[in-house]
Structure formats: C-alpha cells, structure tokens
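Structure assessment
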Amino acid sequence: MINNPNNFGDAAYIYTDGHGWAGHFVAASPTGKGVIIETRGGAGLQVVGGSKNAVVATTTGARALYTEESSEVWFTDYGFGRLDHGRARILLDPVFAQTVNPATPYHVFVQPYGNAELYVSERTPLGFVVQLRAGDPDAEFSYRVVARRLGFEDRRLERAPWADQTAVEHR
C-alpha cells in the first residue's frame, strides 16, 4: 500500500523512457482479478494520448476492441421487445435504473426485426412505450437505452488542466 497522507502530488508515479510498458499487472491465478481504481466521486481512469480497449483472443490472434467515448457520463442498457397489437411498454431494468437518473431525459433507440416502422411515444422514469407507425403489429424489436449516470448528470466535457501539456504532446 502506498499512502500519501500530505496530499501533495501523486501517491505513485511510474515513468519509462523505453519501448516497454510503464506498468504491467498480472493476476496469475484463474480466480485472480486485474486492477481496481477507486475514487470518492472524482476522476477515475483517465487515459491521455492513448486508447482504452479490451483485448480478446480470436482465431487470427488477439484483437483490441475500443471503447466508445462520450461528452457526458452515460450508462447503456440493451434489450428485446415485441409489439402486441402495435404497442409495447418496456420497463427499465430495476437494477439499471438504480445506476442512472431516469427522471432526466434519456435516449431510446429501437431497431425492428421485420416489416415495422416504430417510434417511441412515451418516456417515464419507469420505462418507455414503443408504437407502430406502419407494418407488422406484432413485430419483434431491440432497444438501446442511454441514460445519465446517477450523481454525474451535469458533467460535460470537463476540463482536465493537469493533462494540458501531455495532451498537446500527443496531438
């Protein structure tokens, strides 16, 4: 454990001038875990000049899948629904609803599977209604809900002055 009780500067700073990684963490056991970053509401993981990705094994070698970056703090949930006589009421997953603020406006994107033109006619803190404009009144569809993270509703394109010089170097 590294402790910085005086709150001056970084608790740990690792630097490399070479071609290798500045840090490498290995959880060697099958039940081991990687890295956890904990804050009390401040900035969490910040990547300056690089990318964030998951590395996944494929038959043609390991591949990097990149994260989507956003100007605001959003959480996303996906699901499936089916129209019943041209209408479907979808309730937000109750656990997902605890992580977001569904009382603020949120996005709902729908994709029909079949001959149907759909639209969202209502959004409430409990869920939303999908309706048929034209086509199959019993069509299946998928949806994506994008809502503001609870406690971070007003954060947008926050300044990161501590990274100004580093960001310029990586432009």
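Preceding block: the structure.
Anyway, here's the lowdown on the structure attached to this text. (Residues numbered from 1 in each chain as written. Predicted model: local features only at pLDDT ≥ 70, side-chain atom pairs only at ≥ 80, totals over all residues. Heavy atoms only, no water.)

In this section: the overall build of the protein. Of regular secondary structure, the protein possesses 2 helices and 8 strands. Each helix (α) and strand (β) of the protein, taken in turn from the N terminus, gives the series β-β-β-β-α-β-β-β-β-α. What you see for the protein is a C-alpha radius of gyration of 22 Å, clearly larger than the 16 Å of a compact globule of 171 residues, by over 25%. Overall, the C-alpha framework of the protein stretches about 65 × 45 × 35 Å when taken along its three principal axes. Buried residues in the protein amount to 19% of all 171 residues. Put simply, 62% of the contacts in the protein that link residues at least 6 apart link residues at least 24 apart. By element, 53% of the accessible surface of the protein is carried by carbon and sulfur atoms, the whole surface being about 13,300 Å². When the 16 basic and 19 acidic side-chain charges of the protein are each reduced to a single mean position, those positions are 1 Å apart. (Helix = DSSP H or I, 4+ residues; strand = E, 2+ residues; numbered from the N terminus. Rg over C-alpha atoms; globule rule 2.2 N^0.38 Å. Buried < 20%, exposed > 50% of the residue type's maximum accessible area, 1.4 Å probe, protein only. Contact = heavy atoms within 4.5 Å. Areas by Shrake-Rupley, 256 points an atom, 1.4 Å probe, with all protein chains shown as cover. Lys, Arg positive; Asp, Glu negative; His and termini not counted. Charge placed at Lys NZ, Arg CZ, Asp CG, Glu CD.)

Now for the sheet that holds strand S6 (residues 116-123). Read across the sheet, 3 strands follow the order S4-S7-S6 without closing on themselves; strand pairing throughout is antiparallel. Only two strands of the sheet have a single partner each, and these edge strands are strand S4 (87-91) and S6. Geometrically, the sheet is characterised by an average inter-axis angle of 25° between neighbouring strands, direction not taken into account. Summarising the sheet, S6 and strand S7 (residues 127-135) pair through 7 bridges and their orientation is antiparallel. (Pairing = 2+ DSSP bridges. Axes fitted to C-alpha atoms, helices over the stretch in contact; angles between N-to-C directions.)

Here we take up the sheet that holds strand S5 (residues 107-113). Across the sheet, which stays open at both edges, the 3 strands sit in the order S3-S8-S5 with antiparallel pairing between neighbours. Looking along the sheet, the strands with just one partner apiece sit at the ends: strand S3 (74-82) and S5. Ignoring strand direction, the axes of neighbouring strands in this sheet form an average angle of 15°. Where S5 lies against strand S8 (residues 140-148), 7 bridges are found, and the strand directions are antiparallel. In the sheet register, histidine 107 faces S8, and the bridge partner there is valine 146.

Attention shifts here to the pattern of salt bridges. For the structure shown, the criterion picks out 8 salt bridges. A salt bridge links arginine 82 to glutamate 140; the shortest N-O distance between them is 3.9 Å. With arginine 82 in strand S3 and glutamate 140 in strand S8, the pair connects residues that are 58 residues apart, well separated along the chain. Through salt bridges that share partners, Glu72, Arg148 and Arg156 make up one connected network. (Salt bridge = Lys/Arg side-chain N within 4 Å of Asp/Glu carboxyl O.)

This next bit is on the environment of proline 137. Looking at the element boundaries, proline 137 is found in the loop between S7 and S8. Overall, proline 137 belongs to the partly exposed group, its relative accessible area being 36%. Between the alpha carbons of proline 137 and asparagine 115 there is a distance of 9.2 Å; along the sequence they are 22 residues apart.

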